[in-house]
Each structure stands twice: as structure tokens, then as C-alpha cells.
Amino acid sequence: MAVPKRKQSKMKKRLRKAANRYEGVQATFCTNCSAPVAPHRVCPNCGQYKGRQVLTVEA
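Quantities reported herein were computed from a predicted structural model and do not represent experimental measurements.

### Section: the overall build of the protein
Here is step 1 of the chain: Counting secondary structure elements, the protein contains one helix and four strands.
Here is step 2 of the chain: Counting from the amino terminus, helix and strand elements in the protein follow one another as α-β-β-β-β.
Here is step 3 of the chain: Computed over the C-alpha atoms, the radius of gyration of the protein is 22 Å, more than 25% above the 10 Å expected from 2.2 N^0.38 for a compact globule of 59 residues.
Here is step 4 of the chain: In terms of principal-axis extent, the alpha carbons of the protein reach across some 65 × 20 × 15 Å.
Here is step 5 of the chain: When the 59 residues of the protein are sorted by exposure, 12% land in the buried category.
Here is step 6 of the chain: Long-range pairs, those at least 24 residues apart, make up 0% of the contacts in the protein between residues at least 6 apart in sequence.
Here is step 7 of the chain: Working note: accessible area of the protein is about 5,900 Å², and carbon and sulfur atoms make up 54% of it.

Right, here's the structure in full:
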């Protein structure tokens, strides 16, 4: 039967368990048009970021 040679540190144990708690990136919504947008990205629907017009989007 395999037996660990040294005690596993609290940090190593917590890092291993943290991978199971990850739920992915949460979707956010554009403040201008309410379209779903990835966080910290320009809205592909209206072209705004943080309330400023960044891209010109053709309709």
C-alpha cells in the first residue's frame, strides 16, 4: 500500500481542492443595450465599453 513520504502542506491541499470549485467566467450584460458580454470586453452589439463609444458598429 502506498504511503506518503512527507506531510502535504495546507496550501498544496487547498490548491488541489480549488480546481473543483472553479465555475468559469460569469456573463455580464452591456449597460447600454443589455446584450451579454464577456467581462472587460467591448460590446459586439453596440460597440461601447465603460459608457464610451469605442467601436463603430454598422447596423
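### Here we look at helix α1 (residues 10–21)
Here is step 1 of the chain: Helix length check: α1, at twelve residues, gives a terminal C-alpha distance of 17 Å against a target of 16 Å (1.5 Å per residue), a fit within 8%.
Here is step 2 of the chain: Within α1, only zero of the twelve residues are buried, which leaves it mostly out in the open.

Definitions and cut-offs
Residues numbered from 1 in each chain as written. Predicted model: local features only at pLDDT ≥ 70, side-chain atom pairs only at ≥ 80, totals over all residues. Heavy atoms only, no water. Helix = DSSP H or I, 4+ residues; strand = E, 2+ residues; numbered from the N terminus. Rg over C-alpha atoms; globule rule 2.2 N^0.38 Å. Buried < 20%, exposed > 50% of the residue type's maximum accessible area, 1.4 Å probe, protein only. Contact = heavy atoms within 4.5 Å. Areas by Shrake-Rupley, 256 points an atom, 1.4 Å probe, with all protein chains shown as cover. Expected span 1.5 Å × (residues − 1).

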